[in-house]
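Coordinate analysis (summary)
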Amino acid sequence: MLPPFYYKNVSDDGLFAAYARIIEGIGDNRLRIILYHIPPMSSTPLSRGLVRRLREAFPQTVIGIKDSGGDLTNMVE
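Presented here is a report on the structure given in the accompanying data block. (Residues numbered from 1 in each chain as written. Predicted model: local features only at pLDDT ≥ 70, side-chain atom pairs only at ≥ 80, totals over all residues. Heavy atoms only, no water.)

1. Comments concerning the environment of Ser42
Examined against the element boundaries, Ser42 turns out to sit in helix α2 (residues 39–42). On the accessibility criterion, Ser42 (2% relative accessible area) is buried. Along the backbone, Ser42 and Pro4 are 38 residues apart, and their C-alpha atoms lie at a distance of 8.4 Å. (Helix = DSSP H or I, 4+ residues; strand = E, 2+ residues; numbered from the N terminus. Buried < 20%, exposed > 50% of the residue type's maximum accessible area, 1.4 Å probe, protein only.)

Here it is in structure tokens:
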């Protein structure tokens, strides 16, 4: 799932709120989300802090991340 990339310079709090609203709005325990970090295309990076926060808040829903950011150090961390 891409971040809401049509808005630029959104804070981690704003991104968390957008993901949380979608997850809670769907409200189905079967929902599984793989985050998609691709800032060269979306212009909206997913920080490690945001990913950690989403995993802690929705551990059964946010199950992974695809990192296409091109930064090996960031991906490993």
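2. Focus: the pattern of salt bridges
Side-chain pairing between opposite charges can occur once the charged atoms of the two side chains come close. Per the stated rule, a full pass over the model turns up 2 salt bridges. Between Asp13 and Arg53 there is a salt bridge whose closest N-O contact spans 2.7 Å. In this pair, Asp13 sits in helix α1 (residues 12–26) while Arg53 sits in helix α3 (residues 48–57), placing the two residues 40 residues apart along the sequence. We classify Asp13 as exposed; its relative accessible area is 51%. (Salt bridge = Lys/Arg side-chain N within 4 Å of Asp/Glu carboxyl O.)

3. Focus on the nonpolar core
Counting 14 residues, the largest nonpolar core has Leu35, Leu54 and Phe58 as its most contacted members. At the level of secondary structure, the elements contributing two or more residues to this core comprise α1, β1 (33–37) and α3. Setting aside residues no more than four positions away along its own chain, Leu54 makes contact with Phe16, Tyr19, Leu35 and Val62. (Core = buried A, V, L, I, M, F, W, Y, C linked by side-chain atoms within 4.5 Å. Contact = heavy atoms within 4.5 Å.)

4. Thoughts on the packing of aromatic side chains
Scanning the model with the defined rule gives 3 aromatic pairs in all. Between Tyr6 and Tyr7, the aromatic rings sit 4.9 Å apart at their centres with planes inclined by 65°, giving edge-to-face as the arrangement. Exposure class is identical for Tyr6 and Tyr7. Each is exposed. Among the aromatic residues, ring-to-ring pairing joins Phe5, Tyr6 and Tyr7 into one connected group. The residue whose ring lies beneath Arg53 is Phe16, and the NZ or CZ to ring-centre distance is 4.0 Å. (Phe/Tyr/Trp six-rings, centres within 6.5 Å; stacked < 30°, edge-to-face > 60°. Lys NZ or Arg CZ within 6 Å of the ring centre and 35° of its normal.)

5. A word on the side chain of Thr61
Among the secondary structure elements, Thr61 is positioned in the loop between α3 and β2 (62–67). With a relative accessible area of 11%, Thr61 lands in the buried category. Excluding residues within four positions of it along the chain, Thr61 makes contact with Ile23, Leu31, Arg32 and Ile33.

Any functional reading would require information beyond the geometric quantities listed.
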